[in-house]
Amino acid sequence: YVYDQMVAAAKANDAELIQSLTPETARFELGSMDIEIVNYDEAYKKSPVSDANDFCWGVKVEALGQRAFLAGDINNYNGDEDALAKTLGHVDLLKLGHHGGPGSNSTAYLRSILASPATESAIAVQTGAYAHATPELIGALDSSNARHLTTEEAARDGKPAIVITFAKDGLTTNVDNTAQVFRTRTSSPY
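From a predicted model like this one, the values you see are computed outputs, not experimental measurements. (Residues numbered from 1 in each chain as written. Predicted model: local features only at pLDDT ≥ 70, side-chain atom pairs only at ≥ 80, totals over all residues. Heavy atoms only, no water.)

Points about the overall build of the protein
Here is step 1: Scanning the protein from N- to C-terminus turns up five helices and 10 strands.
Here is step 2: For the protein, contacts bridging at least 24 residues in sequence account for 54% of all contacts bridging at least 6.
Here is step 3: With the model as given, the accessible surface of the protein reaches about 10,800 Å², and the carbon-plus-sulfur share is 54%. (Helix = DSSP H or I, 4+ residues; strand = E, 2+ residues; numbered from the N terminus. Contact = heavy atoms within 4.5 Å. Areas by Shrake-Rupley, 256 points an atom, 1.4 Å probe, with all protein chains shown as cover.)

Take a look at the structure:
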């Protein structure tokens, strides 16, 4: 129903409806942001999958020298995170896959994209309750020195949303008592 309504609205407004991505249509600019849709392989059309999350897209955003990856509901049941770990590179901000729940956010994937000498500390945002985070997820975030934020703790602190701002000198967030800046290192600790 929702899909049919979306298609009808696009047609009624003479909007271009892109239903399959190619390398040319998966990357675009929005203001100063370079945006790339990743994980859009359509192999699921030939071989059915048990869950729509098994073909979830991700969004890589680069702006002002910072990189974010919004993992949607990407999981690793079919090796999607393993493949992304090889191509994403380091990210400064990660929206954890599938609300931080099991099946997503494998240790190797998190260590690959979060651990880097390039930044003081990456930020990982969990859109689910902290209780849903597995011990493996917590361990991987700890070993990557990533700052773990949850929407649950933001709401408890009276914040209607977690807001992360890209700036030339790093990322700022509204969920600390005072805005905390995660600055880019000027030299490698390694």
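Re the pattern of salt bridges
Here is step 1: Here the structure, examined in full by the defined rule, presents six salt bridges.
Here is step 2: Note that glutamate 62 and arginine 67 form a salt bridge whose closest N and O atoms lie 3.4 Å from each other. (Salt bridge = Lys/Arg side-chain N within 4 Å of Asp/Glu carboxyl O.)

Some remarks on the confidence of the model for the protein
Here is step 1: Model confidence for the protein is summarised by a mean pLDDT of 87, while 89% of its residues fall at 70 or above.
Here is step 2: Here residues 177-190 is modelled with pLDDT under 50, and outside its nearest four sequence neighbours on either side it reaches 30 contacts, counting other chains as well. (pLDDT = per-residue confidence, 0-100.)

Here's the deal with the pairing of strand S6 (residues 123-126)
Here is step 1: The alternating pattern of S6 places Ile123 and Val125 on one face and Ala124 and Gln126 on the opposite face, and all of these are buried.
Here is step 2: Taken together, the three bridges between strand S5 (residues 93-95) and S6 define a ladder with parallel strand orientation. Of the residues in S6, the one forming a bridge with leucine 94 is alanine 124.
Here is step 3: In the sheet, S6 pairs with strand S7 (residues 147-150) via four bridges, with the strands oriented parallel. Note that in S7 the partner of isoleucine 123 across the bridge is arginine 147.
Here is step 4: Handedness of the crossover is the feature at issue here: the chain leaves S6, passes through helix H4 (residues 135-143), returns alongside S7, and the resulting connection is right-handed. (Buried < 20%, exposed > 50% of the residue type's maximum accessible area, 1.4 Å probe, protein only. Pairing = 2+ DSSP bridges. Right-handed = clockwise from strand over helix to strand, strands pointing away.)

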